[in-house]
Amino acid sequence: TSPGVYQIPQDRLNTNSLAILNAVAPLPNNPSGGFLNYLNLNPQINNQRDDEIKIDHNITERLRLMGEYLDERQTAASPNLPALGSGNPFPTQHETDYTRNQLAQLRLTWTVTPTMTNTTSIAMNNNVLDLLISGTVLTSQVPDFKENLPYSGFGSDRLPYIQFSGGWANIGSPTSRPLNHASDLEDTFSDDWSWLRGNHYIQSGINIVLGTKRQTAYAFSNGEWGFNGQFTGDPIADYLL
(Lines give C-alpha, C1' and ligand atoms only; values in the text may rest on other atoms or scores of the structure.)
Protein backbone atom coordinates (compact mmCIF):
# COMPACT_ATOMS: atom_id res chain seq x y z
CA THR A 1 0.00 0.00 0.00
CA SER A 2 3.12 2.21 0.35
CA PRO A 3 6.90 1.60 0.36
CA GLY A 4 7.63 -1.18 2.85
CA VAL A 5 3.94 -1.59 3.81
CA TYR A 6 2.11 -4.65 2.53
CA GLN A 7 -1.44 -5.96 2.76
CA ILE A 8 -2.60 -9.50 2.02
CA PRO A 9 -5.29 -9.58 -0.69
CA GLN A 10 -8.61 -10.70 0.77
CA ASP A 11 -8.86 -13.73 -1.54
CA ARG A 12 -5.52 -15.05 -0.27
CA LEU A 13 -6.49 -15.14 3.42
CA ASN A 14 -6.78 -18.69 4.76
CA THR A 15 -10.40 -19.12 5.91
CA ASN A 16 -9.47 -21.67 8.60
CA SER A 17 -6.82 -19.37 10.05
CA LEU A 18 -9.33 -16.53 10.11
CA ALA A 19 -11.99 -18.70 11.74
CA ILE A 20 -9.79 -19.63 14.73
CA LEU A 21 -8.33 -16.13 15.11
CA ASN A 22 -11.76 -14.49 15.10
CA ALA A 23 -13.10 -17.06 17.56
CA VAL A 24 -10.41 -16.79 20.24
CA ALA A 25 -8.71 -13.37 19.80
CA PRO A 26 -10.94 -10.36 20.60
CA LEU A 27 -10.30 -6.98 18.99
CA PRO A 28 -7.84 -4.67 20.82
CA ASN A 29 -9.20 -2.82 23.84
CA ASN A 30 -5.96 -1.04 24.78
CA PRO A 31 -4.75 0.75 21.64
CA SER A 32 -2.47 3.04 23.66
CA GLY A 33 -0.51 -0.01 24.80
CA GLY A 34 1.23 -0.35 21.44
CA PHE A 35 2.09 -4.00 20.81
CA LEU A 36 0.38 -5.07 24.07
CA ASN A 37 -2.99 -3.82 22.89
CA TYR A 38 -5.33 -6.14 24.81
CA LEU A 39 -6.01 -6.20 28.55
CA ASN A 40 -8.00 -8.92 30.29
CA LEU A 41 -9.78 -7.20 33.18
CA ASN A 42 -11.39 -10.33 34.62
CA PRO A 43 -10.05 -11.42 38.03
CA GLN A 44 -8.30 -14.62 39.02
CA ILE A 45 -10.23 -16.19 41.90
CA ASN A 46 -8.75 -18.71 44.34
CA ASN A 47 -10.84 -20.47 46.97
CA GLN A 48 -9.38 -22.84 49.55
CA ARG A 49 -10.74 -24.72 52.54
CA ASP A 50 -8.76 -26.80 55.05
CA ASP A 51 -10.32 -29.17 57.59
CA GLU A 52 -8.21 -30.96 60.19
CA ILE A 53 -8.93 -33.30 63.06
CA LYS A 54 -6.43 -34.74 65.55
CA ILE A 55 -6.99 -37.11 68.47
CA ASP A 56 -4.48 -38.13 71.15
CA HIS A 57 -5.38 -41.08 73.39
CA ASN A 58 -3.39 -42.49 76.30
CA ILE A 59 -4.18 -46.21 76.15
CA THR A 60 -2.00 -46.89 79.20
CA GLU A 61 0.73 -44.98 80.98
CA ARG A 62 3.21 -46.38 78.46
CA LEU A 63 1.11 -46.49 75.27
CA ARG A 64 -0.02 -43.34 73.48
CA LEU A 65 -2.02 -43.37 70.23
CA MET A 66 -2.31 -40.37 67.93
CA GLY A 67 -4.54 -40.07 64.86
CA GLU A 68 -4.83 -37.08 62.50
CA TYR A 69 -6.49 -36.25 59.20
CA LEU A 70 -6.23 -33.17 56.96
CA ASP A 71 -8.47 -32.45 53.98
CA GLU A 72 -7.68 -29.51 51.68
CA ARG A 73 -9.83 -28.38 48.73
CA GLN A 74 -8.74 -25.59 46.39
CA THR A 75 -10.24 -24.01 43.27
CA ALA A 76 -8.09 -21.67 41.16
CA ALA A 77 -10.06 -20.02 38.34
CA SER A 78 -7.93 -18.13 35.79
CA PRO A 79 -9.47 -15.57 33.42
CA ASN A 80 -7.31 -16.84 30.54
CA LEU A 81 -5.32 -19.92 29.47
CA PRO A 82 -1.91 -19.71 31.20
CA ALA A 83 -1.09 -23.21 29.96
CA LEU A 84 -0.50 -21.79 26.47
CA GLY A 85 2.77 -20.49 27.87
CA SER A 86 2.89 -17.16 26.06
CA GLY A 87 1.00 -14.82 28.36
CA ASN A 88 -2.20 -15.30 26.39
CA PRO A 89 -4.58 -12.63 27.75
CA PHE A 90 -7.80 -13.56 25.95
CA PRO A 91 -10.90 -14.35 28.07
CA THR A 92 -12.42 -16.49 25.30
CA GLN A 93 -10.46 -19.44 26.74
CA HIS A 94 -9.85 -19.99 30.43
CA GLU A 95 -8.71 -22.60 32.92
CA THR A 96 -10.00 -23.78 36.28
CA ASP A 97 -7.78 -25.98 38.46
CA TYR A 98 -9.25 -28.18 41.18
CA THR A 99 -6.95 -29.61 43.86
CA ARG A 100 -7.89 -32.16 46.51
CA ASN A 101 -5.26 -33.08 49.12
CA GLN A 102 -5.62 -35.62 51.90
CA LEU A 103 -3.17 -36.43 54.68
CA ALA A 104 -3.72 -39.09 57.36
CA GLN A 105 -1.56 -40.69 60.04
CA LEU A 106 -1.80 -43.18 62.90
CA ARG A 107 1.12 -43.18 65.35
CA LEU A 108 1.68 -45.44 68.35
CA THR A 109 4.32 -44.43 70.90
CA TRP A 110 5.49 -47.06 73.39
CA THR A 111 7.59 -46.05 76.38
CA VAL A 112 9.35 -49.38 76.92
CA THR A 113 11.39 -48.11 79.87
CA PRO A 114 12.11 -44.61 81.20
CA THR A 115 15.13 -44.56 78.86
CA MET A 116 13.78 -46.44 75.85
CA THR A 117 10.92 -45.58 73.44
CA ASN A 118 9.56 -46.98 70.18
CA THR A 119 7.29 -45.13 67.74
CA THR A 120 5.40 -46.87 64.92
CA SER A 121 3.56 -44.88 62.27
CA ILE A 122 1.49 -45.50 59.15
CA ALA A 123 0.58 -42.53 56.99
CA MET A 124 -1.01 -41.53 53.68
CA ASN A 125 -0.60 -38.51 51.42
CA ASN A 126 -2.96 -38.25 48.45
CA ASN A 127 -2.96 -35.37 45.95
CA VAL A 128 -5.57 -35.25 43.15
CA LEU A 129 -5.51 -32.54 40.49
CA ASP A 130 -7.91 -31.58 37.69
CA LEU A 131 -6.74 -28.96 35.16
CA LEU A 132 -9.82 -28.10 33.12
CA ILE A 133 -10.23 -25.69 30.22
CA SER A 134 -13.42 -24.03 29.05
CA GLY A 135 -14.60 -21.44 26.57
CA THR A 136 -13.75 -21.85 22.88
CA VAL A 137 -11.47 -24.88 23.03
CA LEU A 138 -13.03 -27.42 20.60
CA THR A 139 -13.13 -27.45 16.80
CA SER A 140 -16.90 -27.97 16.97
CA GLN A 141 -17.22 -24.53 18.62
CA VAL A 142 -15.79 -22.85 15.51
CA PRO A 143 -18.25 -23.76 12.73
CA ASP A 144 -16.23 -21.95 10.04
CA PHE A 145 -13.15 -24.07 10.76
CA LYS A 146 -13.25 -26.67 7.97
CA GLU A 147 -9.71 -28.03 8.12
CA ASN A 148 -9.72 -31.83 7.97
CA LEU A 149 -7.13 -32.58 10.66
CA PRO A 150 -5.48 -36.02 10.21
CA TYR A 151 -5.75 -36.97 13.89
CA SER A 152 -7.97 -39.21 15.95
CA GLY A 153 -8.25 -40.50 19.49
CA PHE A 154 -8.34 -38.82 22.88
CA GLY A 155 -8.27 -35.02 22.69
CA SER A 156 -8.30 -34.82 18.89
CA ASP A 157 -11.53 -32.77 19.03
CA ARG A 158 -9.63 -29.78 20.50
CA LEU A 159 -8.55 -26.74 18.54
CA PRO A 160 -4.98 -27.11 17.27
CA TYR A 161 -2.18 -25.55 19.30
CA ILE A 162 -0.76 -22.60 17.32
CA GLN A 163 2.47 -20.85 18.35
CA PHE A 164 3.84 -17.54 17.11
CA SER A 165 7.28 -16.01 17.44
CA GLY A 166 7.93 -12.33 18.09
CA GLY A 167 6.01 -12.05 21.35
CA TRP A 168 2.55 -12.76 19.94
CA ALA A 169 0.19 -14.74 22.15
CA ASN A 170 -0.25 -18.40 21.27
CA ILE A 171 -3.80 -19.53 20.50
CA GLY A 172 -5.74 -22.79 20.34
CA SER A 173 -5.83 -25.55 22.93
CA PRO A 174 -2.71 -26.53 24.91
CA THR A 175 -1.36 -30.05 24.62
CA SER A 176 -1.49 -30.72 28.36
CA ARG A 177 -5.12 -29.68 28.89
CA PRO A 178 -7.57 -30.90 29.96
CA LEU A 179 -5.91 -33.08 32.59
CA ASN A 180 -8.49 -35.09 34.49
CA HIS A 181 -7.80 -36.74 37.85
CA ALA A 182 -4.02 -36.66 37.92
CA SER A 183 -3.11 -38.25 41.25
CA ASP A 184 -0.05 -38.81 43.41
CA LEU A 185 -0.37 -41.20 46.35
CA GLU A 186 2.30 -42.01 48.94
CA ASP A 187 1.73 -44.68 51.58
CA THR A 188 4.32 -44.70 54.37
CA PHE A 189 5.31 -47.08 57.14
CA SER A 190 7.96 -46.14 59.69
CA ASP A 191 9.32 -47.41 62.98
CA ASP A 192 11.76 -45.49 65.19
CA TRP A 193 13.52 -46.88 68.26
CA SER A 194 15.68 -44.88 70.68
CA TRP A 195 17.61 -45.77 73.84
CA LEU A 196 19.45 -43.55 76.28
CA ARG A 197 22.32 -45.63 77.73
CA GLY A 198 24.58 -43.70 80.06
CA ASN A 199 26.29 -41.02 77.98
CA HIS A 200 25.16 -42.65 74.73
CA TYR A 201 21.97 -42.10 72.76
CA ILE A 202 21.28 -44.97 70.36
CA GLN A 203 18.73 -44.77 67.54
CA SER A 204 17.56 -47.06 64.76
CA GLY A 205 14.55 -47.31 62.52
CA ILE A 206 13.02 -48.03 59.16
CA ASN A 207 11.02 -45.94 56.69
CA ILE A 208 9.15 -47.46 53.72
CA VAL A 209 7.37 -45.30 51.12
CA LEU A 210 5.18 -46.74 48.35
CA GLY A 211 4.33 -44.20 45.65
CA THR A 212 1.59 -44.48 43.06
CA LYS A 213 1.26 -42.08 40.11
CA ARG A 214 -1.73 -41.89 37.76
CA GLN A 215 -1.93 -39.30 34.98
CA THR A 216 -2.98 -39.06 31.36
CA ALA A 217 0.07 -38.87 29.09
CA TYR A 218 0.41 -35.66 27.07
CA ALA A 219 -0.01 -36.07 23.30
CA PHE A 220 -0.33 -33.65 20.36
CA SER A 221 -3.58 -35.34 19.33
CA ASN A 222 -4.99 -31.96 18.24
CA GLY A 223 -1.99 -30.96 16.13
CA GLU A 224 0.63 -28.25 16.63
CA TRP A 225 1.64 -25.45 14.28
CA GLY A 226 4.37 -22.84 14.55
CA PHE A 227 4.77 -19.58 12.60
CA ASN A 228 7.91 -17.43 12.70
CA GLY A 229 7.53 -15.11 9.70
CA GLN A 230 9.96 -17.00 7.45
CA PHE A 231 7.86 -16.28 4.32
CA THR A 232 6.59 -12.73 4.88
CA GLY A 233 8.76 -11.44 7.71
CA ASP A 234 5.75 -11.46 10.06
CA PRO A 235 4.45 -14.56 11.91
CA ILE A 236 0.80 -13.44 11.84
CA ALA A 237 1.00 -12.77 8.10
CA ASP A 238 2.44 -16.26 7.56
CA TYR A 239 -0.43 -17.70 9.59
CA LEU A 240 -3.09 -15.77 7.66
CA LEU A 241 -1.64 -16.97 4.36
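My aim in this report is to walk through the structure given alongside it, one point at a time. (Residues numbered from 1 in each chain as written. Predicted model: local features only at pLDDT ≥ 70, side-chain atom pairs only at ≥ 80, totals over all residues. Heavy atoms only, no water.)

1. Structural notes on unusual backbone geometry
Here's step 1: Residue Pro-178 follows Arg-177 across a cis peptide bond; omega there is -5°.
Here's step 2: Here Pro-178 lies in the loop between β5 (161–164) and β6 (179–197).
Here's step 3: Its identity is not glycine, yet His-181 carries a phi of approximately 50°, on the positive side.
Here's step 4: Along the chain, the position of His-181 falls in strand β6.
Here's step 5: Taking relative accessible area as the criterion, His-181 reaches 46% and is therefore assigned partly exposed. (Helix = DSSP H or I, 4+ residues; strand = E, 2+ residues; numbered from the N terminus. Buried < 20%, exposed > 50% of the residue type's maximum accessible area, 1.4 Å probe, protein only.)

2. Observations regarding the pattern of salt bridges
Here's step 1: Within this structure, the stated rule accounts for 7 salt bridges.
Here's step 2: Note that Asp-51 and Arg-49 form a salt bridge whose closest N and O atoms lie 2.9 Å from each other.
Here's step 3: The exposure class assigned to Asp-51 is partly exposed, which follows from its relative accessible area of 32%.
Here's step 4: Shared partners join several salt bridges into a network, and the residues in it are Lys-54, Asp-56 and Arg-64. (Salt bridge = Lys/Arg side-chain N within 4 Å of Asp/Glu carboxyl O.)

3. Quick notes on the side chain of Asn-101
Here's step 1: Its place among the elements puts Asn-101 in strand β3 (residues 93–113).
Here's step 2: Take Asn-101: its relative accessible area is 18%, and that puts it in the buried class.

4. Focus: the pairing of β6
Here's step 1: As judged from the 15 bridges shared by strand β4 (residues 116–135) and β6, these two strands associate in the antiparallel manner. Within β6, the position partnered with Asn-127 by the bridge is Asp-184.
Here's step 2: With antiparallel pairing between neighbouring strands as the criterion, β6 and strand β7 (residues 200–214) make up a hairpin whose turn holds 2 residues, including Gly-198 at a positive phi of roughly 60°. (Pairing = 2+ DSSP bridges.)

5. Side note on the layout of surface pockets
Here's step 1: The calculated volume of the largest pocket comes to roughly 660 Å³.
Here's step 2: Taken together, the elements giving at least two residues each to the lining of the largest pocket come down to α1 (15–24) and α2 (235–240).
Here's step 3: With 3 residues, the single largest contributor to the lining of the largest pocket is α1.
Here's step 4: A breakdown of the residues in the lining of the largest pocket according to their chemical character gives 18 nonpolar, 6 polar and no charged.
Here's step 5: Taken as a whole, the second largest pocket spans an internal volume of roughly 180 Å³.
Here's step 6: Forming the walls of the second largest pocket are 13 residues, and the residues nearest its centre are Ser-17, Glu-147, Trp-225, Phe-227 and Tyr-239.
Here's step 7: When residues of the lining of the second largest pocket are traced back to their parent elements, those giving at least two are α1, β8 (224–227) and α2.
Here's step 8: Among the elements that line the lining of the second largest pocket, the one with the most residues is α1, at 3 residues.
Here's step 9: Among the residues forming the lining of the second largest pocket, the class breakdown is 8 nonpolar, 3 polar and 2 charged. (1 Å grid on protein atoms, 1.4 Å probe; cavity = no way out; pocket = protein on both sides within 12 Å on 5 of 7 lines; lining within 4 Å. Points joined across faces, edges and corners; volume = space filled by probe spheres on them. Nonpolar A, V, L, I, M, F, W, Y, C, P; charged D, E, K, R; others polar.)

6. Section: the pairing of strand β2 (residues 63–77)
Here's step 1: When strand β1 (residues 45–58) meets β2, the two strands line up antiparallel, connected through 14 bridges. If you follow Asn-58 over to β2, its bridge partner there is Arg-64.
Here's step 2: What sits between the antiparallel neighbours β1 and β2 is a turn of 4 residues.
Here's step 3: Bridge analysis of β2 against β3 gives 15 bridges, and the strand direction is antiparallel. Across the sheet, the residue bridging to Gln-74 is Thr-99, located in β3.

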